[in-house]
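Reading the structure
In case you want the letters, here they are:
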Amino acid sequence: QVQLVESGGGLVQAGGSLRLSCAASGHTFSNYIAAWFRQAPGKEREFVTAISAYGLTTGFADSVKGRFTISRDSAKNTVALQMNSLKPEDTAVYYCAAGGSAVFDSPKTETSYEYWGQGTQVTVSS
């Protein structure tokens, strides 16, 4: 029903910034919970940040608090991840996810999300 496509990944130096975008097609998803997860090589996929329907509430992993922000633009049907003060440990494939079957109760769990993008690589050099 909903297709998600991430963009904006790339190579940056430590301390730099990147802005990732997740574009949805098929349906509007402003009423869906949306999130970003990331997965580094050899590691489990981990929660980064989430935003509730209509952007009323957000949540962040402790590792990115104060550095990353999540936002959504209902008119453009997109969700963005602004990443500042990047560190080498932020290097990972970043995935956008969306879910329409639950309220903002378990935003950190992958099972809350029905739709996933293909991922975009973020590499931070030291």
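Scroll up to find the structure this text is about.
Residues numbered from 1 in each chain as written. Predicted model: local features only at pLDDT ≥ 70, side-chain atom pairs only at ≥ 80, totals over all residues. Heavy atoms only, no water.

1. Describing the overall build of the chain
Of the regular secondary structure elements, the chain holds 0 helices and 11 strands. Along the chain, from the amino end to the carboxyl end, the secondary structure elements read β-β-β-β-β-β-β-β-β-β-β. Along the three orthogonal principal directions, the C-alpha set of the chain runs to about 40 × 25 × 25 Å. By sequence separation, contacts in the chain at least 24 residues apart represent 59% of the contacts at least 6 residues apart. Surface summary for the chain: the accessible area is close to 6,300 Å², and the carbon and sulfur share equals 48%. On the chain, the mean spot of the 10 positive side-chain charges and the mean spot of the 10 negative ones are 6 Å from each other. (Helix = DSSP H or I, 4+ residues; strand = E, 2+ residues; numbered from the N terminus. Contact = heavy atoms within 4.5 Å. Areas by Shrake-Rupley, 256 points an atom, 1.4 Å probe, with all protein chains shown as cover. Lys, Arg positive; Asp, Glu negative; His and termini not counted. Charge placed at Lys NZ, Arg CZ, Asp CG, Glu CD.)

2. Some thoughts on the nonpolar core
The biggest cluster of nonpolar side chains holds 36 residues, and the ones touching the most others in it are Leu 4, Phe 29, Trp 36, Phe 68, Val 79, Met 83 and Tyr 94. Looking at this core, the elements that each hand over two or more residues are β3 (18-25), β4 (33-39), β5 (46-51), β7 (68-73), β8 (78-83), β9 (92-99) and β11 (120-125). Those residues in contact with Val 79 that sit more than four places away from it in its chain are Leu 20, Ser 21, Cys 22, Phe 29, Ala 34, Trp 36, Ile 51, Ile 70, Ser 71 and Arg 72. (Core = buried A, V, L, I, M, F, W, Y, C linked by side-chain atoms within 4.5 Å. Buried < 20%, exposed > 50% of the residue type's maximum accessible area, 1.4 Å probe, protein only.)

3. Quick notes on the state of the cysteines
A covalent bond between the sulfur atoms of two cysteines is referred to as a disulfide. Per the counting criterion, the structure on display carries 1 disulfide. The disulfide bridge from Cys 22 ends at Cys 96, spanning 2.1 Å between sulfur atoms. Disulfide Cys 22-Cys 96: the torsion about the S-S bond is -80 degrees, which places it as left-handed. Of this pair, Cys 22 sits in strand β3 while Cys 96 is found in strand β9, placing the two residues 74 residues apart along the sequence. The exposure classification of Cys 22 matches that of Cys 96, with both residues buried. (Disulfide = S-S within 2.5 Å.)

4. Brief notes about the pattern of salt bridges
Counted under the stated rule, the structure contains 5 salt bridges. With its nearest N and O atoms 2.7 Å apart, the salt bridge here joins Glu 46 to Arg 38. Note that Asp 90 and Arg 67 form a salt bridge whose closest N and O atoms lie 2.7 Å from each other. Taken together, the residues Asp 90 in the loop between β8 and β9 and Arg 67 in the loop between β6 (58-60) and β7 connect sequence positions 23 residues apart. Residue class for Arg 67 comes out buried when judged on its relative accessible area of 10%. By sharing partners, the salt bridges in this structure join Arg 38, Glu 46, Arg 67 and Asp 90 into a single network. (Salt bridge = Lys/Arg side-chain N within 4 Å of Asp/Glu carboxyl O.)

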